[in-house]
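Coordinate inspection notes
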Amino acid sequence: MKWTKLFSLLLFSFAASGQSLTFNRYTPAEGLVDTRVQKIFQDSRGIMYFLTRDGFSTFDGQRFQNYSQYQNFSLNIVSDILEEKNGRIIIVAITGIYFLQNNKLEKDSALFTPSAGPGSIYLTNTGEKIISSNSGLMLYKNSKGLPLEIIKNDGTRQPFIIDKAILKDDLLVTVYSNPKVSRQYLMLYNWKQQKAIAEISSETGFDIQQYHDKIYVWLNLTWMELNKEELNKGKLITQPLSFLKFIPAEKKMNNFFIDAQKKIWLITADKQVCVIDPEKKGTTCYSASDGLPESVSSIFQDKENNYWFTVAGKGVYKMTQSRIEKILFPSKSNPHIILPYINQSPEGIISFKYNNNLGVLNENNFSEKKINVKPGIIQAFTWNNKAWTLYNNGKLEGESGDAIQLVSFVPGTKAISSRLTFDREGRLLVAGNYFSLVNKDLSFTTMELPYYTDNIACDDKNNYWCLTRTGEILGYQMLNNRLVLQTTYKETEFSSRYMLHWNKDTFCIGTRNMGVVFVKINNREYRKLGNTGTEKGISNNFIVDIIRLSSQKMLVANVSGLDLVHLNKPDTTVEQLFSRVGLFTGVTSIRQVNDSTVMALAESGEAYWVHVTSTALHTVSSFLYFSQITVNGRETDSSSKNYRFSENNFRFAVSAPSFIDEKNIRFVFSLKGPGTDAVQNSKQADFEYSNLQPGNYTLTVTAFFPGDTPVNKSIQYDFIIKKPFWKTTGFIAGLTAFILLLIYAFFKNILRRKLLSQKVEMEKQQAIERERNRISRDMHDDLGSGLTKIAILSEVAKKQLPEPEKAKEQLEKISESSRELVDNLQDIIWVLNPKNDTLENLSSYIREYALKYFEPLAVKLQFNYPEQFLTGHLSEEKRRNVFLTVKESLHNIAKHAWCNQITISILEQAKCFEIIIEDDGRGFDTGKVRLFANGLKNMQTRIEQVGGTYLIQSETGKGTLTKIKMTV
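Within any chain, residue numbers begin from 1 and follow the written order of that chain's sequence. Restriction of local features to residues with pLDDT of at least 70 applies here, the model being predicted, together with a cutoff of 80 or more for giving and counting side-chain atom pairs; totals for whole chains, interfaces and linings are based on all residues. Side-chain numbers here rest on the full set of heavy atoms in the structure, without hydrogens or water.

Examining the pairing of strand 65 (residues 666-673)
- Burial classes: relative accessible area under 20% of the type maximum marks a residue as buried, over 50% as exposed, and values in between as partly exposed (1.4 Å probe, protein chains only). Strands here mean DSSP runs of E at least two residues long; helices mean DSSP runs of H or I at least four residues long; both are numbered from the N terminus. Burial analysis of strand 65 places six of its eight residues in the buried class, which makes it a mostly covered element.
- Here a strand pair is declared whenever DSSP counts at least two bridges between the two strands. Pairing geometry for strand 65 and strand 68 (residues 695-705), over seven bridges, is antiparallel. The residue bridging Arg 666 from the neighbouring strand is Phe 704, located in strand 68.
- Pairing of strand 65 with strand 66 (residues 676-682) involves seven bridges; the strand directions are antiparallel. The residue bridging Val 668 from the neighbouring strand is Asn 681, located in strand 66.

Here we look at the sheet that holds strand 18 (residues 162-168)
- What the four strands build is an open sheet, ordered 18-19-20-21; its pairing is antiparallel. A strand with exactly one partner marks an edge of an open sheet, and here the two such strands are strand 18 and strand 21 (195-202). Put simply, the sheet's adjacent strands are angled 20 degrees from each other on average, direction ignored. Axes here refer to lines fitted to C-alpha atoms; in helices the fit is confined to the stretch in contact. Angles between the N-to-C directions go from 0 to 180 degrees.

A short note on the packing of aromatic side chains
- Each Phe, Tyr or Trp ring (for Trp, its six-membered ring) is paired with any other whose centre lies within 6.5 Å, and the angle between the two planes then decides the class: stacked below 30 degrees, edge-to-face above 60, tilted in between. The final tally for this structure, using the stated rule, is 56 aromatic pairs.
- Here the aromatic rings of Trp 308 and Phe 659 are separated by 5.4 Å at their centres, their planes lie at 80 degrees, and the arrangement is edge-to-face. Placement of the pair is Trp 308 in strand 31 (residues 307-311) and Phe 659 in the loop between strand 64 (650-655) and strand 65, with a sequence separation of 351 residues. Neither Trp 308 nor Phe 659 differs from the other in exposure class; each is buried.
- Within the aromatic cluster, the residues linked to one another by ring pairs are Tyr 211, Tyr 216, Trp 218, Trp 223, Phe 243, Phe 256 and Phe 257.
- Whether a charge lies above a ring is judged from NZ of Lys or CZ of Arg, which has to be within 6 Å of the ring centre and within 35 degrees of the ring normal. Taking the ring centre of Phe 99 as reference, the NZ or CZ of Arg 88 above it sits at 4.3 Å.
- The lysine or arginine in question, Arg 548, covers the ring of Trp 502, its NZ or CZ lying 4.9 Å from the ring centre.

Some words on the packing of helix 6 (residues 839-853) against helix 7 (residues 876-897)
- Where helix 6 meets helix 7, the axes come as close as 11 Å, and the angle between the chain directions of the two elements is 25 degrees. By the angle between their axes, helix 6 is roughly parallel relative to helix 7. Classified by chirality, the crossing of helix 7 by helix 6 is right-handed. Between helix 6 and helix 7, the residues in contact are Leu 842, Tyr 845, Ile 846, Tyr 849, Ala 850 and Tyr 853 and Arg 879, Val 882, Phe 883, Val 886, Lys 887, Leu 890, His 891 and Ala 894, respectively. An angle counts as roughly parallel when it lies under 35 degrees, as roughly antiparallel when it exceeds 145, as roughly perpendicular when it falls between 65 and 115, and as oblique in every other case. By the definition used in this description, the sense in which the near helix is turned from the far one sets the handedness, with an anticlockwise turn below a right angle giving left-handed and a clockwise turn giving right-handed. Contacts are assigned to residue pairs with any non-hydrogen atoms lying within 4.5 Å of each other.

Things to note about the sheet that holds strand 42 (residues 421-422)
- Ordered in space as 42-43-44-45, the four strands form an open sheet in which the pairing is antiparallel. The open sheet terminates on both sides in strands that have one partner only, identified here as strand 42 and strand 45 (444-448).

Quick look at the structure:
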């Protein structure tokens, strides 16, 4: 049976009201910037814009974003809006022209100056912009402005200010005023030629608006149409409205709106809205009693065919596309259904009890039956074309006096369920603490169950399945007129409230705690297949009734409302039918009238028609995009892909502009990356994740839009969090190389120091050995030769004893040699003494030696020494070589110089010193040094061996200067 036929029937059988309207209201409490909405606009992505006197708001169904200031200046009186081809939104406010892109508002000072007070903007078919303002019309092209004026026939120009305009190709249909004559004009203006083509004046004023290809004019206090053919010829000819005949005679029209389906919405003077359908030639009027907001000023239709109503100073109302219609019963005394469940017989007859009546809906007839109600009644229903009542003591009575006692017990100790079902052959199945099967001839069989069971489910083979509230699953068959238990299972995860056979061996179970659960049950296995609960959008997980509408759709009643569930791939979507229209009540029972209509009973006893097949002409938007990405609190966009290791706290917000059932859009955020596999499945349109590790990430966002043909849309964002530089391959390789180099340098240094130590030790040993050899040599050369000489002289002296004078001469020589030997030995001992390792000690010893050496001679000695010596340690070798050289120099002076005075000077500088020996003797020619050649060369060699320089200067008759320069 078609819904239209049923609805016509119900108009006669029920005191049903017209379809009531349901609205969602948006004010500053819901996020709107201001209640004084002047214009509504929708861009190409589906975003709604609300222009107000205190800024403007954008709305994507998930969130409002408000713009009331720009750089601390208020956006007053936002009057117009326009979208360019690149998606940029131009906003016109009294303070100037702005553009909005990527949620960022910028002022376009190049396009228009704020002092002009812009009012409206129009985009021509060639891309130029025409802006009206308090200063007149301005044409903008290539960021340059050209004033538009009226060029008269004599060539003079007349500026003009328009109040409103409609752009049609090269023509503007404009309304402008002339305050000098208190008249308003309607003018047809060619903006390219800047010429007025036609004009009409009026003392009562004009208004214009355009719908589809027609322009409508408010003239002489009534709405008229402009004749299209005449307008194309350049003439302004008005004619009566084409839909005038559909307007009720008693209705005075203040304004009107024509939607995309060419239905006319009249806003009447008596605060009603009348909808005219020219095709069906019908008119339906709505008032406040139907839920219409008072004083509607304008109507806007979005791309999904939702209707938005503006009410002056009261915000915006969106008319909800409702599937719900309240039923009013004939009885005015108590319009509520008394018992909590609606029943439906195997023949499809729906029955329910209200007052003492049984309401029966049977195809073309709605009837009432008086029933004999006794205390303890728990259900009234029709079966086998008779009215029946079931009582809590297990008794079943028919309207013709038939009665059977299904089971005997004291009420309160056991219970009978009022959830009645029927098997494939039309037999009555009664549940509770017992399972009773009643044949059509009223013979029956009863089995006690382990615990209370809400209803009996029957599969295609007439197997009977009982699922108790404690989880026992029992499978029965009817054999020899007896119920025989065939299968038992145990379920511990959920508690059942309603069980429905879905297909074959699949069952759909309404649970108390897990929503709707699908299970597979047969004589061989019991297995859970999945569930749909609040995480998928169902109003509440406490499910009390289910209707299978098709293999892809079911209606679910729960303690919070009524939901239409679409079992679509890849995921389930849900329409919350009751909460969507502001009904917040549990539903106890639902029964299907026909393919398109279901009857639902609320907890309050009120009944509703549910139109499960929508007739609304809408297309769900499939846009989905990132509206905001913030990293560490800083906003970025989806074009950014690379982030530093410290930029690891992300917040993603998406927009899915849809307004049919925006509260039931579900978003699945799936983030995959190093150590991360996070999924958020909810109605939240944003997702946060903190302290992400470095690596490659992929965020996939899927939006599931509810509806008869659900749409799902996915977007993906790939990004990289870079490793800290100390974890990069290059750094690790460099650090490894550096550490290896350090290790190499460390061990090389240890080896070098060891080798150096060995070398020093070896050199020390060599030096000791050299010193030993030197001492041995010196002992041999000096002492040995001296002792040998003494020995020889002694032998000579012994032979010359007979000659005393000659013996005395030899003894003198022995004495002199002994003294020389003692002096040499003393020099050797002084050099070897480590206490004499300073320059000061060397200087003192030289002074002492010189004084002692020249004491027998008539030579004056002068010493020029520093007051304080700087040089510290002098090696033994340097002391020895310097002293021996000085000693040899003094010996040469004493032997050859024949001088009167000797000056010994010691000069000290940083890290070096000089010893200068001067005499005033006879000198010698340095070019003829054969006499001293070996001695001078030995002294030079001795000084150079220890890192010094030796210099001797002399001239005949001018004395001699010897200089020894030695580094410390």
